[in-house]
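Coordinate analysis (summary)
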Number of protein chains: 2
Amino acid sequence: MFSKACEYGIRASTYIALKSLEGTRVSLKEIAEKIDSPVAFTAKVLQQLSKNHIVDSVKGASGGFQITKANINQIKLAQIVFAIDGNNVYEGCGLGLKKCNANEPCPVHDKFVQIRSDLKNMLENTSLYDMTIGLEEGLTSLRR
Amino acid sequence: MFSKACEYGIRASTYIALKSLEGTRVSLKEIAEKIDSPVAFTAKVLQQLSKNHIVDSVKGASGGFQITKANINQIKLAQIVFAIDGNNVYEGCGLGLKKCNANEPCPVHDKFVQIRSDLKNMLENTSLYDMTIGLEEGLTSLRR
DNA sequence: TATAAATAGGACAATTTTATCCTATTTAAT
DNA sequence: ATTAAATAGGATAAAATTGTCCTATTTATA
């Protein structure tokens, strides 16, 4: 569904949000440990998220990544997915046609439109804060 | 959503079904032309579909690919997707976790279960025959 | 029986995605 | 000022996916 980069991006952002709610900034190393992802690759993903103003990065000693509380509530999964995978997830044809639309549809166009629309809705209505609920109590997990 | 191989597989199977309904067997070359796919790569995909008894292949002069009328009605997209991409589409965790399930879910487990379930239902309820409806009249397309 | 047309399949190549490594830069703290 | 801890970013490598090429095999037909 999503690229590995995007999966790491969502998990990383969620972990950063969780710790930011507790008021602490987190290092790349800690993030990668907690979401069980390759450190250097995760660094690239975080760079991209930082450029897209989804996470804030602070350089230097005691630096790290954080997300403002306002953004934890405002940023939706859709923005993270778009920043990393673009809008192909929502718009690409299920059968790989370049010009698939209501005028010249593939045989499953309408059905895919429905599925993708549901996915889009879900991603547009799930905030980073929503993602953190359940994590502290161990009801949900970002690794394994 | 699907791999390129899978996209070609669905388009190829659909075209074969369409021609089989007309009673004609089709060659790899014709298939690749009609679905706008790379010939040799499509050959590999068709081999796989043949091994999985989704299409019938006939070797030798005047050979080609075909699907029995019974199978055109019975074979669902889900079987094609499974033959090529496995069940990752249905079962894989949206955030890439290996052990994501109701017991130890990722933060979006339930929401993804819903989306994937809808996708699965759609694929399990769409037959190759369904795919061919609209193609003859040019209402739907397998290329561009 | 020879030939031509077709799929089967192995080997390889190109591309994309994923992942690593190293150096530069920034910044807090000593 | 130095040092250590941290992100930024370029270069490269590894792996997976996508795509190509060539030969073998099969089979209808002349």
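To keep things clear, this report deals only with the structure shown in the data block. (Residues numbered from 1 in each chain as written. Chains lettered and ligands numbered in written order. Predicted model: local features only at pLDDT ≥ 70, side-chain atom pairs only at ≥ 80, totals over all residues. Heavy atoms only, no water.)

Considerations on the interface of chain A and chain B
Contact residues are listed per partner, giving 34 residues for chain A and 34 residues for chain B. Scanning the region where chain A abuts chain B turns up 0 salt bridges. Where chain A meets chain B, there are 8 residue pairs in polar contact (both at pLDDT 80 or more). Mapped onto the side of chain A that touches chain B, the elements with two or more residues apiece are helix H1 (4-21) and helix H7 (109-124) of chain A. Here the side of chain A that touches chain B gets 7 residues from one element, more than from any other, and that element is H7 of chain A. Its residues assigned to classes, the side of chain A that touches chain B comprises 18 nonpolar, 5 polar and 11 charged. (Contact = heavy atoms within 4.5 Å. Salt bridge = Lys/Arg side-chain N within 4 Å of Asp/Glu carboxyl O. Polar contact = N/O pair within 3.5 Å; in protein donor to acceptor, adjacent residues only side chain to side chain. Helix = DSSP H or I, 4+ residues; strand = E, 2+ residues; numbered from the N terminus. Nonpolar A, V, L, I, M, F, W, Y, C, P; charged D, E, K, R; others polar.)

Re the relation of the copies chain A and chain B
With an axial shift of 0.0 Å and an RMSD of 0.1 Å, the rotation relating chain A to chain B amounts to 180 degrees. Seen this way, the second copy is the image of the first under a two-fold rotation axis. Minimal C-alpha distance to the rotation axis in chain A is attained by Met 1 of chain A, lying at 2.5 Å. Interface residue correspondence from chain A to chain B reaches 100%, placing this contact among same-surface, isologous pairings. (Least-squares fit on C-alpha atoms with pLDDT ≥ 70 in both.)

Observations concerning the protein's contact with DNA strand C
Surveying the vicinity of DNA strand C reveals 26 residues, the closest of which are Pro 38 and Gly 60 of chain A together with Leu 28, Lys 44 and Ser 57 of chain B. Here the atoms of DNA strand C within 4 Å of the protein split so that 66% fall in sugar or phosphate, with bases taking the remainder. The contact in question runs from a phosphate oxygen of DNA strand C to an N or O atom on the side chain of Tyr 8 of chain A, over 3.0 Å. In this structure, Gly 60 of chain A approaches DNA strand C through a main-chain N or O atom, which is 3.2 Å from a base oxygen. Along the lines of polarity and charge, the residues of the surface near DNA strand C split into 11 nonpolar, 9 polar and 6 charged. (Near = heavy atom within 4 Å.)

Quick notes on the packing of helix H2 (residues 28-35) of chain A against helix H3 (residues 39-51) of chain A
Each packed pair of helices is defined by two parameters, the angle between the axes and the distance between the axes. Residues and elements named next belong to chain A. Contact geometry of H2 with H3 gives a least axis separation of 9 Å together with a crossing angle of 110 degrees. Relative to H3, the element H2 is oriented roughly perpendicular. With respect to the hand of their crossing, H2 and H3 are arranged in right-handed fashion. Residue-level inspection shows Leu 28, Ile 31 and Ala 32 of H2 in contact with H3, the latter providing Val 39, Thr 42, Ala 43 and Leu 46. Within the contact of H2 with H3, the residues separate by chemical class into 6 nonpolar, 1 polar and no charged. (Axes fitted to C-alpha atoms, helices over the stretch in contact; angles between N-to-C directions. Parallel < 35°, antiparallel > 145°, perpendicular 65-115°, else oblique. Left-handed = near helix turned anticlockwise from the far one by under 90°.)

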